[in-house]
Every structure is written in C-alpha cells, then in structure tokens.
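Chain by chain, the residues run as shown.
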Amino acid sequence: MSEDLIDLDGGQTRMEAAYGSDDGDEDLFAITAKREASVGAIFEQNYRPWDGDFGPRWVRNYAIFRHHVFGLFSSKGHRNYNPFIRLTILVIFIGAISPIAMLFFSSLFGAEPDGFIDKMWGVNRSNLWGQVLGYFPRNLCYWPLLTALVVGGMISDDRRNGTSAIYFSRPVTRVDYTMMKYLSVAVVLGFVIIFSYMLYYTLAIVFKGEGWGFLIDTLPMFLAGLLCSILLVITYTSIGLALSSISQSRFFSAIAFLSIIYGTKLVALLIDLQFETSILYILSPYDCLAHFGQWMLGLELNYSHSLSLSVVSLILMNLVSILVLVSRVSSLEVTRE
Amino acid sequence: MSDDIKVPSVLVENASKWYGQVIGINDVSLAIEGGVTGILGPNGAGKSTLFKLLMGRIKPNQGSVKLFGIDPWEDTSPYRRIGYVSESERLYDWMTGQDFVSTLARLHGMTRNEADSRAEHVLEFVGLYDVRHKEIGKYSKGMRQRVKIAHALVHDPDLIILDEPLHGCDPIARTSIMNVIKELGNQGKTVLVSSHILEEIERITEQIVILHNGRLLALGNIYAIRDLLDKHPHRIMITTEEPRKLANAFIGEEPIYGVRFPEEGKLEIQTNDLSAAHSVLPRVIVESEVKVSRIDNPDDNLESLLEYLIGG
C-alpha cells in the first residue's frame, strides 16, 4: 500500500497498529486510515434564497382544497384516491344521472306526455324529491356509499400518519384546515348529488322542449329540492367528517357512517312496524331529511310525528357533528406521541 | 423601544409542559439566534416536547414560547419563516419528490410556477435532483429524510427545526444531511437540530443544548461542556488475556490514577485526562508486549455526560 493512502499522522492508524495483536497485524493499516473518507463531499451545496412574495390566506386554503378535490381526477400532486373509489364514484354519478338517459330516449322516440316514462322520470314533485331523497337506490346505495368513500381517511389518515403536521407547520390554522376539508368533501358530494340534480332538471326541460310556463311552474319545486340536496350534503359531510376525525382508521369512519345511516333507519323502521309510531325516525339523518323534503316539495308526509322534531333533530345532528369535528381537529398533534 | 434590539428567533421563558403526571418540559428558558444549535438528550428528555411547543402544537402550562417575538399558539404567522422536519412525520408516498415539495410550497401561497421552480432548487440542494421524478415510496430512508428537509426549506425559512433528521440514515445519507445542515447554518439561518447521539451533533455544530427529564441541563459550547466531563474520571476499557500484567505497566504513568478488573479478561483504566491517557496508551501496550483485542471508551457518550452532569 502506498504511503499516501495511509494516514501516518492520524491517530487512528497508529492506534490500530499498536493495539492489534493478532497475526497479520501488518495488514491492519487498512482502509479506515484514509482521511479523505471522512470528509464526505457527496454533492454540491448551493442554496439560493427565495425572494418572492407569499400569497394570501385564500391561496393557501385553495391549495388544501385542490389537493383533496383534484385528487379524484389525478394523484399527481394531489390526494391519492384508490382507483376503486374513483370508479365507484363514477358509477354512482352515472347512476344518479340515469333518469336523464331515459328522458333522452323518450324524447328521441316521441313518448306520450304524461305517459309511463314521464311519470317515472319526468319532472314532478315526487321525482324531484326522489332525485335527491328517494330511498332506493339513492339513499340506500348511492349517497351513503359515496360519503363513506370520500370521508374515509379524509382526517383519519392525517391522524394516523401524522401528516397533519405538514399543514400545521405552515401558516395554516386549524380553522382553515377544518374548513377546507369540509369544503372538499361537500364539493365532491355536491358534484354528484347537487350537480346531477341540476343536470336532471335542466336536461329534462331541454329534451322535452318545455317552455317558460313549465319553468315557472316547476322552478319553486326545483329550488325546494335544491335546498334539500344542499341540506343532505351538509348533513352527510358533517357526520362523515366528524367520524373521520374520531378514528385513525379510514375504514372506521366509512363503516361507522354507513352504520349510522342504515342502523338508525332500521331501528326506527322496526319500532314503527311494531308500535306504529314514527317518532324514532328523528334519530335517522336520512328520515329527518326526507321528512323535511316532503314538506318542502308539498308531498304527502310519510311520518306521523311533528316536522319540527325532524328539523330540530337535523340541526342537532349537524351541531353535534361539527362540535366533535372541531374538538378532534383541535386535539390533532396536541397529544403526547 | 429601540429598533436596535433584535428579537431572537427562539425565545423560551420558564416554559413548563406536563402531560398529566408526566413532565414534558420543566422550567426551561432559552434564547437562540443564528447558526446551528444541537438539542441533545436521551429519549424522553423533552426534545420533541420542546419542538412541539415551538411549533405551537401544544401550549405551555407555564411560561411562554415566542418565535420571532410571536406566540405560535396564538398566531400562525411565524410559520411563514419556519421550516419544520418532524421525526415521525410520514410523507405522501404516492407523490414524486418534485410533486410533494411543490405541493407543500403551495401551502405557503406560492404560485404553481414558483412552487415548481423552488421545489427543483431545494431538491437539488439536498441532492435529490436526479430522483425528483421518482415516487417517494421508492426512496431510501436517507432520501426520505432529505425530501423532508427539502419541503421544510422550500419557502426559504429563517428558522429551521429538525427533529432527529439523522435517525435511521446510513452513513452516506448522514454525511449528506450534515453537510446540508452545516451549509444552512453558514447561510446565517437559525437551525435547531435534535439528536440523542452526541457524535452526530458534534460533527454539525459546537453550540448545544442538553435536556434531561424535561430540564435544561447544559447550554453552550460543546467543548466547554465536555470540559465538565473531563473533570470527572474517564474510563478506558481494555480487553486482554493478561489484564494484570498490563495493569502493572500502566501504574506509574502520569495521566492514569487507577486501575480495576471489572470482569475476567478486562482491564479498566481510570484517568482525569482522556487525551493524555490515549497518548500514552500505545506506547505502554507495545512495551508491555501484552496482546490487546479491544479498547473502548465507555464514558465517551452522551449518557455518561448526562450521568456526570446529573450527579453533579
């Protein structure tokens, strides 16, 4: 070994040579002696300060919002939704707008006014209510599943992975964080539920070539249905996000949401069948919304209890859910790890 | 008040934090400004609690914490000037390094172009430019640590807080990260870096803070604190087949004031001057013609330093 490879002046080589006592000690002036090895110039450090301006609060909040919403379309730089979730949401959306296809075909084939297709899928009180609040398939299959898929992991993933630290170590307040998560879920639900409702109403008019008279007749009903759909989105978002903030498991929030929607409905139904009282439906978020929706659209009420009980219950459900959500987000990162 | 009075980046005044019966931080006061400062302490010493206090994640039960003169619990505006690397923080594994850093840059309000350009620069700075389009999930531990540092630097913070940035890294990654930290200190930024390994910190900075059981144990220049250690007996443990013969050879040497045989085949030398003892060691061993298979310095670690400091 050449002398320049040996750190003759360095302590390490001499120590090894001196302390080594086994056979072949003469070979011990080995690799560790090379001083350059400890310098470690791995790459060039060339740090350039940034002199730009930071955007205002809404720009930061929009970054959170787009991260969650745009993730449905592309994971590049956005939240990663499982392809199965994306596909299911697409199927639900297609299912939600399926009456439009029926109206389209009926317009193609010149179906009779007030015929079967018109009654089943045309614009009227029942169908406007049913487009948002009908139990099968929308509130049995579509909306609860959609909500469960979107809220599952929305906050619980941050709680489990500690990724909330990514937000809270930036100028993002907990209020901003909660609001943007809420808005993201509401927008996704709204896109499927409210947008499909609006699309249905608009295209029904277009396909059937209805005039201003029809529009004036049906617009109040449409607006009532729109209000109900907004209430549904708000209620499902509140409950779903509250559940997502409770647990570290995305499955818990999804399953718990479905359990609440189906469980309360089932219990109330059994009690109704056994004791002929609908009062327990005030525990069911869906039935409170359906009750309110029937009243708003001027339909015959299926519930024997007072409407005000359903409305109060609906308000309480939302309040409690938001309180739970705020409380749980406040505790994020606050506890000892 | 005069404008000449500079507000320190970090000001902790008599801060205490308890988790029920458990003490996180107990009456700690610090003021840190500029350069790299190592926060040292064994597990459970309160390093992470101190960082959480600084990051406004928890509120002190007593005292106050201020960053650039502002209480982070009350106001998140200091975070515009802070980059934080959490020890436990996970990353978005499905994103590429470039997307991840760029996305987080936008949380600071940067435009897309600014965020992309800045992300490229900081990834280059931490040595990940070539792999910036690779998914983070495919990064090694050292690369993940570096991408965490990159996302903490993307908005060009004045204060950088790194919680165990070298944890789990291989030697090359450690060297890379240490170089990055040193360079940031050279740039005049205030860098707080925690570790429970004294040697790691020693390679980065001379300015240290030692915490133990939530209390501030020592603060200042690392060599000044080590001098405290040198006032206590150091131990050198020699593994040899003939400990008694070797002990005889050591008796009478100036820096050695005692020997002990803790177990069979081991000789413990006690000294007040570790450097001087090491300088005579080779000569004595060679002259005694005793075979030595191993030499350790059981005192030369943070735990021993803490032990001496606690014991007074």
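Look up: the structure comes first, before these words.
Novice: Please set out the nonpolar core residue by residue, giving values where relevant.
Specialist: Of all hydrophobic cores here, the largest spans 140 residues; its most connected members are L189(A), L232(A), L289(A), V101(B), A150(B), I161(B) and I181(B). Here this core gets twelve residues from one element, more than from any other, and that element is helix α10 (residues 174-208) of chain A. Residues within four places of L189(A) in sequence aside, it is in contact with L146(A), T147(A), V150(A), V233(A), Y236(A) and T237(A). In terms of nonpolar packing, the next biggest core, distinct from the first, is built from 14 residues, I236(B), I238(B), I256(B) and A277(B) among them.

Novice: Requested: an account of the packing of helix α12 (residues 250-275) of chain A against helix α13 (residues 285-296) of chain A, with residues and values cited.
Specialist: Any two packed helices are characterised by how steeply their axes cross, that is the angle between the axes, and by the distance between the axes. Residues and elements named next belong to chain A. In contact at an axis separation of 7 Å, α12 and α13 are set at 75 degrees when each is read in the N-to-C sense. Relative to α13, the element α12 is oriented roughly perpendicular. Judged by residue contacts, I260, I261, T264, K265 and A268 of α12 engage P285, Y286 and D287 from α13. Class assignment of the residues belonging to the contact of α12 with α13 gives a composition of five nonpolar, one polar and two charged.

Novice: Tell me about the interface of chain B and chain A, and name the residues and values.
Specialist: Facing the 48 residues of chain B at the interface are 42 residues of chain A. Listing elements by their share of the side of chain B that touches chain A, those giving two or more residues are α2 (97-106), α3 (112-125), α5 (171-186), α9 (274-288) and β13 (292-296) of chain B. Here the side of chain B that touches chain A takes seven residues from α5(B), the largest share from any one element.

Novice: An account of the sheet that holds strand β12 (residues 266-271) of chain B is requested, with residue identities and associated values reported.
Specialist: Two pairing modes exist for strands in a sheet, parallel and antiparallel, and in both the strands are linked by backbone hydrogen bonds. Residue and element names in this part refer to chain B. One open sheet accounts for four strands, arranged β11-β12-β10-β13; its pairing is antiparallel. Of all the strands in the sheet, the pair left with one neighbour each is β11 (256-260) and β13. With direction set aside, neighbouring strand axes in the sheet form an average angle of 25 degrees. Of the strand pairs in this sheet, strand β10 (residues 234-240) and β13 are connected by four bridges, and their pairing is antiparallel. Residue pairing across strands places M237 opposite D296, the latter belonging to β13. Strand contacts of α9: β10, β11, β12 and β13, with the helix running at about 140 degrees to β12, the strand carrying the most contacts.

Novice: So, helix α1 (residues 47-54) of chain B: which residues are in play, and what are the values?
Specialist: Since one α-helical turn is 3.6 residues long, residues separated by three or four positions face the same way. All names here are of chain B. When you tally the buried positions in α1, you get eight out of eight residues, the bulk of the element. All of the buried residues in α1 are K47, S48, T49, L50, F51, K52, L53 and L54. In the stretch just after α1, G56 is the one whose phi turns positive, near 70 degrees.

Novice: Describe the sheet that holds strand β2 (residues 22-32) of chain B, naming the residues involved and giving the relevant values.
Specialist: Residue and element names in this part refer to chain B. The sheet built from three strands is open, its strands ordered β2-β1-β4 with antiparallel pairing. Looking along the sheet, the strands with just one partner apiece sit at the ends: β2 and β4 (62-67). Strand-to-strand twist in this sheet, taken as the mean axis angle between neighbours without regard to direction, amounts to 25 degrees. As judged from the seven bridges shared by strand β1 (residues 10-19) and β2, these two strands associate in the antiparallel manner. Bridge pairing in β2 places Y19 opposite V22.

Novice: Can you lay out unusual backbone geometry for me, pointing to particular residues and giving the numbers?
Specialist: Here the amide bond leading from F136(A) into P137(A) is cis, since omega sits at 0 degrees, within 30 degrees of zero. As for its position among the elements, P137(A) is in helix α7 (residues 135-151). For E276(A), which is not a glycine, the phi torsion comes out positive at approximately 55 degrees. Within the secondary structure, E276(A) is located in the loop between α12 and α13. On the basis of neighbour counts, which here come to 8 C-beta atoms within 10 Å, the residue E276(A) falls in the exposed class. A positive phi angle, close to 55 degrees, is found at F68(B), a residue other than glycine. With respect to the element layout, F68(B) can be found in the loop between β4 and β5 (82-85).

Basis of the calculations
- Residues numbered from 1 in each chain as written.
- Chains lettered and ligands numbered in written order.
- Predicted model: local features only at pLDDT ≥ 70, side-chain atom pairs only at ≥ 80, totals over all residues.
- Core = buried A, V, L, I, M, F, W, Y, C linked by C-beta atoms within 7 Å.
- Buried ≥ 20, exposed ≤ 12 C-beta atoms within 10 Å, placed from the backbone.
- Helix = DSSP H or I, 4+ residues; strand = E, 2+ residues; numbered from the N terminus.
- Contact = placed C-beta atoms within 7 Å.
- Axes fitted to C-alpha atoms, helices over the stretch in contact; angles between N-to-C directions.
- Parallel < 35°, antiparallel > 145°, perpendicular 65-115°, else oblique.
- Nonpolar A, V, L, I, M, F, W, Y, C, P; charged D, E, K, R; others polar.
- Pairing = 2+ DSSP bridges.

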